[in-house]
2 protein chains.
Amino acid sequence: MGAPPRELLRRDGGKIVLLVMDGLGGLPDPQHGKTEMEAASLPHLDALAARSSTGRAQILDPYLTPGSGPGHLSLFGYDPQRIDFGRGLLEALGSDYPLAAGEVAARGNFCTIDAAGLVQDRRAGRPPDAECKRLCEKLTQHVQLDDADFVLLPGKQHRFTLVVRGNGLGHHINDNDPQVEGKPPHPFAGRDAASEKTAALVTSFFEQARQCLRDEPQGSGVLLRGFSSMPDIESYDERYALRAAVIAIYPMYRGVARLVGMNVLDPGTSLPEQIAVAQREWDNYDFFFLHTKDPDTAGHSGDFAAKVSALEAIDQHIPQLEALLGTGDDNVLIITGDHSTPTIHREHSWHPVPLILQSQRCIPMPTPFHERGVMGGDLGTFSAQDLMGLALAHAGRLDKFGA
Amino acid sequence: MGAPPRELLRRDGGKIVLLVMDGLGGLPDPQHGKTEMEAASLPHLDALAARSSTGRAQILDPYLTPGSGPGHLSLFGYDPQRIDFGRGLLEALGSDYPLAAGEVAARGNFCTIDAAGLVQDRRAGRPPDAECKRLCEKLTQHVQLDDADFVLLPGKQHRFTLVVRGNGLGHHINDNDPQVEGKPPHPFAGRDAASEKTAALVTSFFEQARQCLRDEPQGSGVLLRGFSSMPDIESYDERYALRAAVIAIYPMYRGVARLVGMNVLDPGTSLPEQIAVAQREWDNYDFFFLHTKDPDTAGHSGDFAAKVSALEAIDQHIPQLEALLGTGDDNVLIITGDHSTPTIHREHSWHPVPLILQSQRCIPMPTPFHERGVMGGDLGTFSAQDLMGLALAHAGRLDKFGA
């Protein structure tokens, strides 16, 4: 499982297109017994499935519900349970900040601290976004670190991301958030010498922030958690000999793709525009990752009809997507999700995700594209971490093992 | 996965017959949508499948295309990705040379080397086989090694196998083939003391060969690669408590069977003769491995009709094969492939291989014997490395685990 033996990789072969329909899978609605995919009219996806390999991708262990980061890493062929993958990193990548090696990121909250140093409100009264931005700018102006600098990325309400930049900084530092109100923030400590250095810097940041913000009635302090750095993982080029590009509208997904060395392309604002970008850049890359968010958003909303509509809207663009592959014998198209988001569940779930793999070397079964249809597919239920290997095999990019 | 716990093995129980139809699985032909197995008329195999366990054997990781060596080792229940299994060994075994422990084999090419010591033609103009034989004989007569001797096995065109025999010889030696023309051969070096000893011997072999062949217009030197020895793996007797025999017409498959300690029987020249050999030797062995090459050969040729014919020809002999089992309650018959060789692909592929397991303890599904039929079989898609354990269980050769 995981990466194919490196000596079998070929640099020639077909191109691979992966469309992730975020939160694709669902569950039967108790009112009528159909899932969102079963209730939707998906003529193009059904026709594609009937001449493709199909099955269900198990994203993590069969009982684990993936977050978006682990969901995508698993589809990309990495083991998310073995990658040191902190919240601060996700926040930084989600803010489109290209975290460099050696930088340490943490998720921050503005909070309210009283004169005795106790946290009175962990979220500083949930200020408007503009207020968060103002507080970040104030800190940027007044706080100075020794031999290091920092960047603040304002977020929604009380949330921001802190990035500390310096030499030899570790990220094994505890959170200072006491998690309950009426207690003081924890002091920072590092688990090793490099992290001690970072702990000293963020202690200084914390103390200067208290001084600088002491007159703010809400937002007189900062809580920091999830200290993390870029993990040391192989790029797509190293792992698969693929020049890879991401075409995703939401920053979070560009960020996860950047983690594995994909080049970020300007996605436009809709799926047909994303497909047009892939068409334009066709000769420059071997692998294209396209991401569309709507099924997940609808799933979270709990609105069954909205998820059906989101799926049907995507189905309209499948012919344009298929046209990318042209007549190239070895080109491969994969359509799946990063996890299921059933409307009746209103959250991500652990269920395996329906998948289509189209190439010239499939054993199609006459199955429609929905949760129960693809159970009869030739791929069965398989580990998402094997998907990239399968894609490489179908694309003619893997040599034979042994003579 | 792999070997069952040794303390559960029984020396009594039924006999196990494994027929490997080399390159069995295929893919749908785009013209009519049927695979070779689907297009073939296989009445005996279909009838057998409908009263047997069926499924698909995954030979290696689901995206890896097995060579014949790894394909068979996996069916035999070994992990080919963990066995040090060099090209020289395969060549020696493929020449029916029973490589002994401590002998080192390498694949050789006659090449043409100019006066400056540069390789002008890595294949010496692809001489006729008889010419290769003559050059081998010339070297055998004139080259002498200190404290060691050697055997040369002539092959097709420029190819031969060198076996070096001596005491304390290692096989961790680089290839001397520069891979491009216009460069000198690499000097040999060993990675450890034992391999250094071998490196010195093959350096002497190389230099004497140059001297001896200096007047040959084509074939004035030798290139050697894939140095290897017999790997240290358990025999069938140690691993499964089975007295095993191979009945295979092609030397390569006898060689792989010899690797795991199977006894080599004279196979005759056709499948019915192979089955007759098994009948004759029935009382002397617990396990018979029969190999037939034709489906693979037809797959490589890209001739759909030829593969259909090859399958239909084998089907004619299935009643004779089944008759071997007689009325023995615990006897087991397995029919499968070592990998797929789809005609449209003209090469081995990564797709799982259809499989029949016949015993008195099956849960048959009414499935015909082809790629899509056996997807509905009771064994599902399972690792080939579990096949021998299943066979032992069905043969009543495995005790209960725990009380």
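See above for the structure.
Below, the structure is looked at part by part. (Residues numbered from 1 in each chain as written. Chains lettered and ligands numbered in written order. Predicted model: local features only at pLDDT ≥ 70, side-chain atom pairs only at ≥ 80, totals over all residues. Heavy atoms only, no water.)

What follows is about the interface of chain A and chain B. Residue-level contacts link 23 residues of chain A with 29 residues of chain B. Together chain A and chain B conceal approximately 2000 Å² of surface at their shared face, both sides included; 66% is due to carbon and sulfur atoms. If you sort the residues of chain A by the area they bury against chain B, A:I363, A:F401 and A:A403 come out on top, with a joint share of 35%. The interface formed by chain A and chain B contains zero salt bridges. Our enumeration of links across chain A and chain B arrives at seven residue pairs in polar contact (both at pLDDT 80 or more). Broken down by class, the residue content of the side of chain A that touches chain B amounts to 14 nonpolar, five polar and four charged. (Contact = heavy atoms within 4.5 Å. Buried area = accessible area lost by both parts, 1.4 Å probe. Salt bridge = Lys/Arg side-chain N within 4 Å of Asp/Glu carboxyl O. Polar contact = N/O pair within 3.5 Å; in protein donor to acceptor, adjacent residues only side chain to side chain. Nonpolar A, V, L, I, M, F, W, Y, C, P; charged D, E, K, R; others polar.)

Time to look at the sheet that holds strand β9 (residues 263–264) of chain A. Residue and element names in this part refer to chain A. With mixed pairing, the eight strands of this open sheet are ordered in space as β9-β8-β10-β1-β11-β12-β2-β13. The open sheet has two edge strands with one neighbour each: β9 and β13 (380–383). As paired strands, strand β2 (residues 53–58) and strand β12 (residues 353–358) are joined by five bridges and run antiparallel to one another. Counted as the bridge partner of G55 is L355 from β12. Running over the sheet, helix α13 (residues 387–394) touches β1 (16–21), β10 (287–292), β11 (332–336), β12 and β13 and is turned about 155 degrees from β11. (Pairing = 2+ DSSP bridges. Helix = DSSP H or I, 4+ residues; strand = E, 2+ residues; numbered from the N terminus. Axes fitted to C-alpha atoms, helices over the stretch in contact; angles between N-to-C directions.)

Let's shift gears to the relation of the copies chain A and chain B. Superposition record for chain A on chain B: RMSD 0.1 Å, screw rotation 120 degrees, translation along axis 0.1 Å. The superposition of one copy onto the other is thereby described by a three-fold rotation axis. (Least-squares fit on C-alpha atoms with pLDDT ≥ 70 in both.)

The subject of this paragraph is the packing of aromatic side chains. One pass over the full model with this rule turns up 20 aromatic pairs over all chains. Between A:Y250 and A:Y253 the ring centres are 6.4 Å apart and the planes differ by 70 degrees, which places this aromatic pair in the edge-to-face class. Overall, the relative accessible area of 38% leaves A:Y250 in the partly exposed class. Assessed through its relative accessible area of 3%, A:Y253 is described here as buried. Between B:F188 and B:F227, the aromatic rings sit 5.7 Å apart at their centres with planes inclined by 90 degrees, giving edge-to-face as the arrangement. Here B:F227 lies in strand β7 (residues 221–228) and B:F188 lies in the loop between β6 (159–165) and α6 (193–212), a separation of 39 residues in the sequence. Residue class for B:F188 comes out buried when judged on its relative accessible area of 13%. By relative accessible area, B:F227 is classed as buried at 7%. Ring pairing ties together the aromatic residues A:F76, A:Y236, A:Y240, A:F287 and A:F289, which thus form one cluster. Over the ring of A:Y250 we find A:K293, and its NZ or CZ is 5.9 Å from the ring centre. When the ring centre of B:Y78 is taken as origin, the NZ or CZ atom of B:R239, which lies over that ring, is 4.3 Å away. (Phe/Tyr/Trp six-rings, centres within 6.5 Å; stacked < 30°, edge-to-face > 60°. Buried < 20%, exposed > 50% of the residue type's maximum accessible area, 1.4 Å probe, protein only. Lys NZ or Arg CZ within 6 Å of the ring centre and 35° of its normal.)

Residue and element names in this part refer to chain A. Within the element layout of this structure, A278 appears in helix α9 (residues 271–280). Look at A278 and you get buried, because its relative accessible area is 0%. Sequence-distant contacts of A278, that is, excluding residues within four places in its chain, are made with I247, F288 and L324.

Let us now look at the nonpolar core. Ranked by size, the top nonpolar core spans 184 residues in total, and within it A:Y236 and B:Y236 carry the most contacts. Apart from residues lying up to four places away in sequence, A:Y236 is in contact with A:F76, A:Y78, A:A241, A:L242, A:A244, A:V260, A:M262, A:F287 and A:M388. (Core = buried A, V, L, I, M, F, W, Y, C linked by side-chain atoms within 4.5 Å.)

Another aspect to go through is the packing of helix α3 (residues 68–75) of chain B against helix α8 (residues 251–259) of chain B. Residues and elements named next belong to chain B. As a packed pair, α3 and α8 sit with axes 10 Å apart at the nearest point and diverge in direction by 45 degrees. Comparing their axes, α8 and α3 come out oblique. As α3 runs across α8, the sense of the crossing is right-handed. Mapping the contact onto sequence places S68, G69, H72 and L73 in α3 and M252, Y253, V256 and L259 in α8. Split into classes, the residues belonging to the contact of α3 with α8 amount to five nonpolar, three polar and no charged. (Parallel < 35°, antiparallel > 145°, perpendicular 65-115°, else oblique. Left-handed = near helix turned anticlockwise from the far one by under 90°.)

Next up on the list: helix α4 (residues 87–94) of chain B. All names here are of chain B. Taking burial as the measure, the eight residues of α4 include six buried ones, the bulk of the element. Those residues of α4 that fall on the buried side of the exposure criterion are G88, L89, L90, E91, A92 and L93. Just downstream of α4 lies D96, where phi reads positive at about 65 degrees.

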